[in-house]
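One letter stands for each residue in the lines below.
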4 protein chains.
Amino acid sequence: MQDIQLIINRIHDAMVPRLGEGKVADYIPELAKIDPKQFGIAVTTVEGETFVAGDALVPFSIQSISKVFMLTLALGKAGETVWNRVGREPSGSAFNSIVQLERESGIPRNPFVNAGAIVVSDIVMAGHQPREAIGELLRFVQYVADDDSIIIDNAVAKSENATGYRNYALANFMRSFGNLHHPVEHVLGVYFHQCALAMTCSQLSRAGLFLANQGRNPLSGHTVVSARRAKRINALMLTCGHYDGSGDFAYHVGLPGKSGVGGGILAIAPGKASIAVWSPGLNKVGNSALGSAALEMLANETGWSVFGA
Amino acid sequence: MQDIQLIINRIHDAMVPRLGEGKVADYIPELAKIDPKQFGIAVTTVEGETFVAGDALVPFSIQSISKVFMLTLALGKAGETVWNRVGREPSGSAFNSIVQLERESGIPRNPFVNAGAIVVSDIVMAGHQPREAIGELLRFVQYVADDDSIIIDNAVAKSENATGYRNYALANFMRSFGNLHHPVEHVLGVYFHQCALAMTCSQLSRAGLFLANQGRNPLSGHTVVSARRAKRINALMLTCGHYDGSGDFAYHVGLPGKSGVGGGILAIAPGKASIAVWSPGLNKVGNSALGSAALEMLANETGWSVFGA
Amino acid sequence: MQDIQLIINRIHDAMVPRLGEGKVADYIPELAKIDPKQFGIAVTTVEGETFVAGDALVPFSIQSISKVFMLTLALGKAGETVWNRVGREPSGSAFNSIVQLERESGIPRNPFVNAGAIVVSDIVMAGHQPREAIGELLRFVQYVADDDSIIIDNAVAKSENATGYRNYALANFMRSFGNLHHPVEHVLGVYFHQCALAMTCSQLSRAGLFLANQGRNPLSGHTVVSARRAKRINALMLTCGHYDGSGDFAYHVGLPGKSGVGGGILAIAPGKASIAVWSPGLNKVGNSALGSAALEMLANETGWSVFGA
Amino acid sequence: MQDIQLIINRIHDAMVPRLGEGKVADYIPELAKIDPKQFGIAVTTVEGETFVAGDALVPFSIQSISKVFMLTLALGKAGETVWNRVGREPSGSAFNSIVQLERESGIPRNPFVNAGAIVVSDIVMAGHQPREAIGELLRFVQYVADDDSIIIDNAVAKSENATGYRNYALANFMRSFGNLHHPVEHVLGVYFHQCALAMTCSQLSRAGLFLANQGRNPLSGHTVVSARRAKRINALMLTCGHYDGSGDFAYHVGLPGKSGVGGGILAIAPGKASIAVWSPGLNKVGNSALGSAALEMLANETGWSVFGA
């Protein structure tokens, strides 16, 4: 058995001198206020142990990482019909690009670009008021993390709504193609709240554990999804989880992962562990600079890459 | 130990009634002549055993699967500098799209779209005449497959050259950006010959074995690449190996793979086996219809998906 | 002197058997209710005489033709600084395309595509409440037409607002680039009301007369714009007035013109006359099918093409 | 009657202090050698008089201006069927863009972008060897200019061929869609030779005179095209003659025109005159900087804009 604590301590030591690298997302005013000189990492193994280093107990805005949980909810509700309204292919463009939507008649490329996640929100809302859908997501994340203390940061949600013109554009554009069924304001209300989920690395690594363990959280004993669905969500994370840096992440890290502009990344080592890293500075494709570097070190030292021992 | 022969027999039985599904590539006249009602599969395990079923000993045109071997050669020659001239991201568009090249100044998205493979050919040619580069590739494929009987089908190469206007367009376009260093005719001569490699499923599964086994072919004892490079090539195959169907293949099969319009697919189960399937009919994104179905069955029955046991 | 009444009678006779050609715009519910079998034409010469035929006294929704009047207002307010926020080039794409906006950082190609007209509305609004800006436009159109009976059809404005998702997308998208200064809802309120101007051919031909007469309406004696500005607006109408059918219209008709999806077209024969035609059925690029045909006949019979006697 | 000599003298005086503005095209080595500090202008009226100023008797490479003559030839041969293979709409993109071709299945937007002119060359070649087609064009230009001394500069043609990768890309791309009927090398041979026509402003203004005079050259008495066709060619020049600066040229100058990267512009004032200007420095959309300025002055002083007296 590997000494994971030792490994993540080493990673933490390697990252400390680099604190502040990258550029904090500034288009969401609340996120721009974050101190960039933070780094946290948490690893939860399928055996149920959690190892942490650095700022692993500081809550941060998980932003797009929430797309993984929303997709899981949507698949639970609508099954494979989800794929009638959103694709499963890498986008080949930026996270908020609208060009592809025009070319492909309002069907987003995948559930992990903004447009796709907005459609997923619309699917999760079926039969619900926005407030109920937000509540449902929050309870679901608390459930998979087995932690009722997780909250949504309403200041962040409000901040996103006030400046989210691009997302309003995407949503209205899809609505013009009939690919949103609820009012744009309602869907984006849900969308902005999911982005504003605040979690620590420690909570996040536990919340992702079901994906590393054939759909079942070994801590709580909850079966969240089937083994097949867990694999498929992992596949989507690997091919589409880092926007237009997905290929690069697969090349260097070799693990399914999902990043958020808050500087967090959730990575899954199937059969091994769930990993959460966080550091606010982003590289030029919008993924945590130190987070990516830390995960590359981790994959190298553990041999957890899915592409070969 | 799983009974692989049993599994592939079952797959073969399931495919026989579907023979003829899909559409044979007809833009290369020589390929259009192939009898579509063929299906072969070969699995070579890292222990060195090869299992076959169906038309596994019939040679077929491997076409774009050769891009894996050319990339391996180019990385051997130029190392990571390869990535100065070609990207590592999924393209989000068709295999022969030129749009992306205009937007991104002649740098192809990845080495597995046509434009990228043409640049890779240009890299492999450094210091060589076209004939020498073709010879070098053929010897390399014979070496990794440990089989000197593998040949290039010159009729196919000639047929591609006579109708390869789109590839001429891509090559000239990149040359206009300075991203080809040799004359277009020479580079495409090499490119068309690599596509015309004729191999059986059995040969192909053995040729890919080094990628499943940390860079070393256990049959011949040859170390082809480092373990790290093997992982990285697998990562590229997973994210970019099936053109605009790569996400779908990852979702359903969960293995690194590379398809060719001749109807072949090479798939890698890291630490387990190298697999080759072949059936000429293509689905609408240009990958073997029955080949994809067979690999999905295989992944399900063996549990070899990289995304979870 | 040509007998214009005779010519437009002949045109009317030629159009009657074709009534109903084309397809009525159905994405705006109120417009979809219009009887397609209508055709009207009015010609107002620079000498001040108006000739009419067919349904020239039936009010119709002028839709995008209003963009000419809004641009005139905006140029009056902001002068050539208008061009800092909107281009002057044909778009090479559909009237409601968003792709170009992404590529060109939120600056629309010209004031006659929807995005451009929305920016123009934003410019006209400077220092005004939406209601005031709408009032200002209405008074301006009444002034140039010298007819106080012209109204805005609020049912149409409301109908457009309820289904105008694409325009909401365009506006939010531009706002995300900082190229809208007022709230999206306000700007679109103004935009939808201008589109809902209801005018007859007779009113419209008189309203356009200043453009045919060096900026001065000879009927009212009002100087609306300078001679140079009139020429420039005509130039924009010729290169950009018919969306992606502008080249075709110039080729066949040879007059500056602006079409609307209500089936109207305003055409200017500089130094000669202002012409308005109306027939609801649209051709495949969104311009009135019979209106275009009628104007081609008119240009042929009068020799008014700007491209040669 | 205006004193045209006086006007062009004034224009010449205004341009002299600005000699050297803009940037000489350097992607064709032969053109890069030209002294940028040159400016010439020639006006030939429909009455048959030619007025010149500056370097109006210095031959220069007319480059894309030749597209007007080739289109005239092609229309003479194939009539309106030309439009089955090339569009008539402004492109909304750069002169050598390939993106539009992919989106629109190999049909170029108009005959004045490179791709369109290559198709036009293919049409003119029907039944001819390249050498014959080149000879035919040269004789045609000599005929419309009524001047047998006009030649093709073979050094320029050779220079373009050696560096014309982008044009090779365009041609091969269209060939892949079946929109070129002759071998790519042959068509481009013709294309590069037409671009290499060397003419003086004085010769060029006379060569364009038929377009200003209802299709007939009043100097030679030759009827080159019908009055209708002359109008239509003028319409195409106005909407598409200056690449992605066509709208701007119409706005400021208001005359049909065609520019070339050699720094020449041919402009037509229907019923009035044919004008040729030349100055090698190009503005950022690829049109002669001083040439454009000179034509704006000319249009202002003569009132020849087609958009109003």
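Keep in mind that what you see is a predicted model, and the values were worked out from it rather than measured. (Residues numbered from 1 in each chain as written. Chains lettered and ligands numbered in written order. Predicted model: local features only at pLDDT ≥ 70, side-chain atom pairs only at ≥ 80, totals over all residues.)

## Brief notes about the overall build of chain A
Let me state the cut-off plainly: Secondary structure elements are taken from DSSP: a helix is a run of H or I of four residues or more, a strand is a run of E of two residues or more, and numbering for both begins at the N terminus. Three exposure classes are used, based on other C-beta atoms lying within 10 Å of a residue's own C-beta, which is placed from the backbone: buried for 20 or more, exposed for 12 or fewer, and partly exposed in between. Note that contacts rest on C-beta atoms placed from the backbone: two residues are in contact if these are within 7 Å.
Within chain A one finds 14 helices and eight strands. Judged by the C-alpha coordinates and their principal axes, chain A covers about 55 × 40 × 35 Å. Taken across its 309 residues, chain A has 65% of its residues classed as buried. Sequence separation of 24 or more characterises 67% of the internal contacts of chain A that already satisfy a separation of 6 or more.

## Re the sheet that holds strand 6 (residues 257-259) of chain A
All names here are of chain A. Cut-off, in case you're wondering: Should DSSP find at least two bridges between two strands, the strands are regarded as paired. Angles here are taken between N-to-C directions and fall from 0 to 180 degrees, while the axes themselves are lines fitted to C-alpha atoms, restricted in helices to the stretch in contact.
Strand order in the open sheet formed by five strands is 2-1-8-7-6, with antiparallel pairing between adjacent strands. Of all the strands in the sheet, the pair left with one neighbour each is strand 2 (50-54) and strand 6. Across this sheet, the average inter-strand angle for adjacent strands is 10 degrees, counted without regard to direction. Taken strand by strand, helix 1 (residues 4-15) contacts strand 1 (40-45) and strand 2, and its axis lies near 20 degrees from that of strand 2.

## A short note on helix 7 (residues 154-163) of chain B
Residues and elements named next belong to chain B. Let me state the cut-off plainly: Here the arc refers to the directions that run from the helix axis out to each C-beta atom.
Every buried residue of helix 7 is accounted for by Val156, Ala157, Ser159 and Glu160. The buried residues of helix 7 occupy an angular sector of 165 degrees when projected down its axis, which confines them to one face. In this structure, helix 7 carries Asn154, Ala155 and Ala162 as exposed residues pointing more than 90 degrees from its buried face. Elements in contact with the buried residues of helix 7: helix 2 (29-32), strand 3 (60-61), strand 4 (151-152) and helix 9 (184-195).

## Quick word on the interface of chain A and chain B
The criterion, for reference: Asp, Glu, Lys and Arg are counted as charged, while Ala, Val, Leu, Ile, Met, Phe, Trp, Tyr, Cys and Pro are counted as nonpolar; the rest, among them Gly, fall into the polar class.
Taken together, the contacts link 35 residues of chain A with 35 residues of chain B. Every element with two or more residues in the side of chain A that touches chain B is listed here: helix 12 (227-240) and helix 13 (246-252) of chain A. Broken down by element, the residue count for the side of chain A that touches chain B peaks at ten residues, all from helix 12 of chain A. For the side of chain A that touches chain B, a count of residues per class yields 14 nonpolar, 14 polar and seven charged.

## Structural notes on unusual backbone geometry
At Tyr243 of chain B, a residue that is not glycine, the phi angle is positive and equals roughly 50 degrees. Along the chain, the position of Tyr243 of chain B falls in the loop between helix 12 (227-240) and helix 13 (246-252). In the Ramachandran plot, Gln214 of chain C falls in the positive-phi region, its phi being about 60 degrees despite a non-glycine side chain. Mapped onto the fold, Gln214 of chain C is located in the loop between helix 11 (209-212) and helix 12 (227-240).

## Some details on the sheet that holds strand 2 (residues 50-54) of chain D
All names here are of chain D. One open sheet holds the five strands; their spatial order is 2-1-8-7-6, and the pairing between them is antiparallel. Pairing within the sheet leaves two strands with one partner each, and these edge strands are strand 2 and strand 6 (257-259). In this sheet, adjacent strand axes meet at a mean angle of 10 degrees when their direction is disregarded. Here strand 1 (residues 40-45) runs beside strand 2; their pairing, made up of five bridges, is antiparallel. Bridge pairing links Ala42 to Val52 in strand 2. Relative to the sheet, helix 14 (residues 289-302) contacts strand 1, strand 6, strand 7 (264-269) and strand 8 (273-278), its axis offset from that of strand 8 by approximately 145 degrees.

## Structural notes on the interface of chain C and chain A
Each partner contributes to the interface: chain C provides twelve residues, whereas chain A provides twelve residues. Broken down by secondary-structure element, the contributors of at least two residues to the side of chain C that touches chain A are helix 4 (99-103) and helix 8 (165-176) of chain C. Per element, the largest residue contribution to the side of chain C that touches chain A is eight residues, and it comes from helix 8 of chain C. Of the residues belonging to the side of chain C that touches chain A, the class tally is six nonpolar, three polar and three charged.

## Remarks on helix 9 of chain B
All names here are of chain B. Put simply, the rule is: The span one expects for a helix is its residue count, reduced by one, times 1.5 Å.
Taking 1.5 Å per residue as the helical rise, helix 9 with its twelve residues ought to reach 16 Å, and the 16 Å between its terminal C-alpha atoms agrees with that figure. Of all twelve residues making up helix 9, ten are buried, and the element is well covered by its neighbours. Residues Val184, Val187, Leu188, Gly189, Val190, Tyr191, Phe192, His193, Gln194 and Cys195 constitute the buried set of helix 9.

## Thoughts on the pairing of strand 2 of chain A
Taken across its five residues, strand 2 of chain A has five buried, putting it largely inside the fold. Between strand 1 of chain A and strand 2 of chain A, which pair antiparallel and follow one another directly, the connecting turn spans four residues, one of which, Gly48 of chain A, has a positive phi of 105 degrees.

## A look at the packing of helix 5 (residues 114-124) of chain D against helix 8 (residues 165-176) of chain D
All names here are of chain D. The test is simple: Here the angle decides the label: under 35 degrees means roughly parallel, over 145 means roughly antiparallel, 65 to 115 means roughly perpendicular, and every other value means oblique. Rotating anticlockwise by less than a right angle from the far helix to the near helix defines a left-handed crossing, while the corresponding clockwise rotation defines a right-handed one.
Running from N to C, helix 5 and helix 8 point in directions that differ by 60 degrees, and their axes come no closer than 10 Å. Put simply, helix 5 runs oblique to helix 8. As for how helix 5 packs across helix 8, the hand of that crossing is right-handed. Packed against helix 5, whose contacting residues are Asn114, Ala115, Ile118 and Val119, the element helix 8 presents Asn167, Leu170, Ala171 and Met174 at the interface. Tallied by class, the residues present in the contact of helix 5 with helix 8 amount to six nonpolar, two polar and no charged.

## Side note on the relation of the copies chain A and chain B
Definition in use: A residue counts toward the fit only if its pLDDT is at least 70 in both copies, and the copies are then superposed by least squares on the C-alpha atoms of those residues.
For the pair chain A and chain B, the best superposition has an RMSD of 0.0 Å and corresponds to a rotation of 180 degrees with a translation of 0.0 Å parallel to the axis. Taken together, the rotation angle and the small translation identify this as a two-fold axis. When C-alpha positions in chain A are compared against the rotation axis, the closest is assigned to Gly92 of chain A, at 2.2 Å. Most of the interface of chain A is mirrored in chain B, where 100% of its interface residues are also at the interface.

## Digging into the pairing of strand 1 (residues 40-45) of chain B
Residue and element names in this part refer to chain B. For strand 1, a buried count of six out of six residues is recorded, marking the element as mostly surrounded by other parts of the structure. Of the two faces of strand 1, the one carrying Gly40, Ala42 and Thr44 and the one carrying Ile41, Val43 and Thr45 are both buried. In terms of strand pairing, strand 1 meets strand 8 (residues 273-278) through six bridges, oriented antiparallel. In the sheet register, Val43 faces strand 8, and the bridge partner there is Ile275.

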